[in-house]
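What the coordinates show
Chain residues, written in single-letter form:
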Amino acid sequence: MTDLFWPGDHLAADAMSDAAFLHAMIAVEQAWLDGLVDAEIAPEAAAFTVDTNVDVELVARRADADGNPVSALVALLRERTPEPTSRWLHRGLTSQDVVDTAVMLCLRDVLDRLTGEVDAQIQALVTLADTHRRTPMVARTLTQAALPSTVGAKVVAWLSGLLDAADPLAALRAGLPAQFGGAVGTLAAVVELTGSVDGALDLTERVADRLGLAAAPPWHTTRAPLTRIGDALAGLCDAWGHLAADVATGSRTEIGEFAEGHGGGSSTMPHKNNPVRSVLIRRAALTAGPLAGTLHTAAAASVDERADGGWHAEWATIATLARRTVVAAAHTTELVTGLRVHPDRAAANLAAAGDLGSEQATMAKLVDRQPNQTYLGATDRLIDAALDRAAHYRKDAP
């Protein structure tokens, strides 16, 4: 899958693609059918492996009739499925059950991919921070030289931001909820099929487990499961965007403190070594927040027992946000694992900044003490704390 409007889209591979979504919806229908047979609600003769060779384009075109792809998909599956299976397909489910659960299956693959990328990024940043903990550089505030600092201190700011953004990933991955509420989120049809509330709840739990998702009460118009994931994706892009902005700025010709391992070229200026990875990461960061915001807007527009447009607005939004986040993750891994630091330029820029000791002199005078030889404060301790947190990141995951 490629997208000329979003260079690097191919790096997301099948994540949240039309094909992945279609296959996830079929997996939900299959798991539900198997659950009905296992619970002896549907006859044993209804057990059947449904056809997964379904044309995405055909389903997409037919989806326009009912406003979602499930009706079209179920109709196609029933056409290709013998009796009594065709009679039992989708019974007890509603379209939103299938769409929401399929989206969660797709997002599970996205979160798995992001977790692997983040692990690699953390390791690379740990190495950079430790290697350059005492490499001098100037710290800047509001674009101006401010105080002496170190490259290690800058890197742990990136690392801490990444750890903050990554913290929710494991919990989100473990708690992705299935959606089995029936027509209006009351499980009425499932209770009718099973003959009891306990039977209905047991069936939904078993099918959720079969899919590798968490059993949950219906969330048809309570969209926190989706907005939480959107926020996590945007949070990762925020952290990567900060890192990329610092690298892009530090790689300016007149600064030269950083360089990408594999910079890009220009169509007309062969002498250039553009910070392409940083640019593409920043592009994702600039667009992720508004996409997550759209998910919140859609959630706030939920009405009745199924939203009239808010729910529909989520699908392409979460798919776009997820794919772009996966691409940004891959670009960030490439950036941090290949990042080059130029200590000589960092030292030269610090020296060229002139006298940065006015704050130190003021503090020393207040306490009637001679200024320390350096003015790096608790930098070493802060670096150690960030490295220790990184070491415990995967160990503490639920």
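Everything discussed here concerns the structure shown above.
In what follows, the accompanying structure is described.

Reading the values: rules and limits
- The numbering scheme is per chain: residues are counted from 1 as the chain's sequence reads.
- Only residues with pLDDT of 70 or above have their local features reported here, since the model is predicted, and side-chain atom pairs are shown and tallied only from 80 upward, although totals for entire chains, interfaces and linings are computed over all residues.
- Side-chain metrics in this entry use all non-hydrogen atoms of the structure; hydrogen atoms and water are not considered.
- Two joining distances apply to patches: 9 Å for like charges and 5 Å for nonpolar side chains (Val, Leu, Ile, Met, Phe, Trp, Tyr), and every residue must have over 30% relative accessible area and no salt bridge.
- Every accessible area reported is derived by Shrake-Rupley at a probe size of 1.4 Å, with residue values counting cover from the shown protein chains alone.
- Here, a salt bridge means any Lys or Arg side-chain nitrogen found within 4 Å of an Asp or Glu carboxyl oxygen.
- Numbered from the N terminus, helices here are DSSP runs of H or I no shorter than four residues, and strands are runs of E no shorter than two.
- In this analysis, the protein atoms alone were mapped onto a 1 Å grid. Cavities are point sets where a 1.4 Å probe fits without being able to get out; pockets are open sets with protein on both sides within 12 Å along at least five of seven lines; lining residues have an atom within 4 Å of a point.
- Grid points are joined across faces, edges and corners, and a volume is the space filled by probe spheres set on the points.
- When residues are sorted by character, Ala, Val, Leu, Ile, Met, Phe, Trp, Tyr, Cys and Pro go into the nonpolar class, Asp, Glu, Lys and Arg into the charged class, and all the rest, Gly among them, into the polar class.
- Counting of polar contacts relies on pairs of N or O atoms within 3.5 Å, with two restrictions inside protein: one atom must be capable of donating a hydrogen and the other of accepting it, and residues adjacent in sequence are counted only when both atoms are side-chain atoms.
- Take the buried Ala, Val, Leu, Ile, Met, Phe, Trp, Tyr and Cys residues and link them wherever side-chain atoms come within 4.5 Å; each set so joined is a nonpolar core.
- Here the term buried applies to any residue with accessible area under 20% of the maximum for its type, exposed to any over 50%, and partly exposed to those in between, with areas from a 1.4 Å probe on protein chains only.
- Any pair of residues with heavy atoms lying within 4.5 Å of one another is described as a contacting pair.

A contiguous nonpolar patch, built from Met363, Leu366 and Val367 and spanning about 300 Å² of accessible area, is present on the exposed surface. Along the polypeptide, methionine 363 turns up in helix α14 (residues 358–366).

Empty space within the largest pocket amounts to approximately 640 Å³. Of all the elements in the fold, those that place two or more residues in the lining of the largest pocket are α1 (18–38), α2 (56–66) and α12 (310–338). Element by element, the count of residues in the lining of the largest pocket is highest for α12, at eight residues. Residue composition of the lining of the largest pocket, grouped by class: 17 nonpolar, five polar and five charged. Each pocket or cavity is described by its volume, and for the second largest pocket that value is around 350 Å³. Around the second largest pocket sit 17 residues that line it, and Arg140, Thr143, Lys154, Asp246 and Thr249 are the ones nearest its centre. Sorting the residues of the lining of the second largest pocket by element identifies β1 (136–141), β2 (144–150) and α10 (224–250) as the ones contributing at least two each. Looking at the lining of the second largest pocket, its residues break down into seven nonpolar, six polar and four charged.

With respect to the helices and strands, the residue aspartate 9 is situated in the segment before α1. Within the structure, the side chain of aspartate 9 is placed 3.0 Å from the side chain of arginine 323, a separation counted as a polar contact.

The biggest cluster of nonpolar side chains holds 112 residues, and the ones touching the most others in it are Leu107, Val118, Leu125, Phe180 and Trp240. In terms of residues, this core owes the most to one element, helix α5 (residues 95–131), which gives 17 residues. Apart from residues lying up to four places away in sequence, phenylalanine 180 is in contact with Val28, Trp32, Leu93, Asp97, Thr101, Leu187, Thr204, Val207, Ala208, Leu211 and Pro218.

When their charged atoms lie close together, side chains carrying opposite charge are able to pair. Applying the stated rule across the entire model yields 20 salt bridges. Here aspartate 112 and arginine 173 are joined by a salt bridge, their closest N and O atoms 2.7 Å apart. Highlighted residues: aspartate 112 in helix α5 and arginine 173 in helix α7 (residues 168–174), separated in sequence by 61 residues. According to the relative accessible area criterion, aspartate 112 is partly exposed, its value standing at 39%. Salt-bridge contacts for lysine 154 lead to aspartate 246; the nearest nitrogen and oxygen are separated by 3.5 Å. Taken together, the positions of lysine 154 in helix α6 (residues 151–166) and aspartate 246 in helix α10 put the pair 92 residues apart, joining distant regions of the chain. One salt-bridge network, in which partners are shared between bridges, spans Asp130, Arg133, Arg134, Asp380 and Asp384.

Nothing here speaks to function; it is all geometry.
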